[in-house]
Amino acid sequence: DKLSQGCTKHLGQPIQEYCDDCKQLLCLQCLATTNHYEHQLSKYSDYLGKCTIEAKDYLRRLRNLAQRTEEARRTLMNYKKKYEECYRQSLAVLESFTIVSNGMKEWKEKTIDNLENP
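A short tour of the structure in this document, coming up. (Residues numbered from 1 in each chain as written. Predicted model: local features only at pLDDT ≥ 70, side-chain atom pairs only at ≥ 80, totals over all residues. Heavy atoms only, no water.)

1. Section: the pattern of salt bridges
Next up, step 1: Following the criterion strictly, the structure yields six salt bridges and no others.
Next up, step 2: Residue Arg 60 pairs with Asp 57 through a salt bridge whose shortest N-O separation is 2.5 Å. Taken as a pair, Arg 60 and Asp 57 lie in helix α2 (residues 44-116) at a separation of three residues, close to a single helical turn.
Next up, step 3: Look at Asp 57 and you get partly exposed, because its relative accessible area is 27%.
Next up, step 4: Each of the salt bridges in this network shares a partner with another, and the network as a whole consists of Asp 57, Arg 60 and Arg 61. (Salt bridge = Lys/Arg side-chain N within 4 Å of Asp/Glu carboxyl O. Helix = DSSP H or I, 4+ residues; strand = E, 2+ residues; numbered from the N terminus. Buried < 20%, exposed > 50% of the residue type's maximum accessible area, 1.4 Å probe, protein only.)

2. Things to note about the sheet that holds strand β2 (residues 24-26)
Next up, step 1: Spatially, the three strands line up as an open sheet ordered β2-β1-β3, and their pairing is antiparallel. This sheet does not close on itself; its edge strands, each paired only once, are β2 and β3 (41-43). For this sheet the average axis-to-axis angle between neighbouring strands, irrespective of direction, equals 30°.
Next up, step 2: By the bridge criterion, three bridges tie strand β1 (residues 17-19) to β2 in an arrangement that is antiparallel. Looking at the pairing, Glu 17 lines up with Leu 26 of β2.
Next up, step 3: Relative to β3, α2 is tilted by about 85°, and along the sheet it contacts β1, β2 and β3. (Pairing = 2+ DSSP bridges. Axes fitted to C-alpha atoms, helices over the stretch in contact; angles between N-to-C directions. Contact = heavy atoms within 4.5 Å.)

3. Section: the side chain of Glu 17
Next up, step 1: Mapped onto the fold, Glu 17 is located in strand β1.
Next up, step 2: Of the buried charged residues, Glu 17 lacks a salt bridge, with Lys 43 as the closest side chain of opposite charge at 6.5 Å.
Next up, step 3: Here Glu 17 is in contact with Gln 24, Leu 25, Leu 26, Leu 31, Leu 41, Ser 42, Lys 43 and Tyr 44, once residues within four sequence places are set aside. (Lys, Arg positive; Asp, Glu negative; His and termini not counted.)

What is shown is where atoms sit, not what they do.
Shown next, in the form of structure tokens:
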């Protein structure tokens, strides 16, 4: 990978330090030829260790987020099923009311007809 290839400015030189201020990987030649003496430096191995810890933390948080997302998806699917069942029941109730309403209209018409034409 790119990090194990060494310094990109001084080919063949291994990375030795990481400049926290500049966010740069540095070989010994970089340290000798650039102005990093007042900067916060870390050993390259410490920097890699820190990156590994951060990556593992990000991965842990991402997995946790994926788990919560899946739980939310399942909850929403359950609500959807309940909604669909309620909707089906409401259609059945509406159909029953329609049948009763039609029956009442027929009864009303027959009653009026019976009263008008005894």
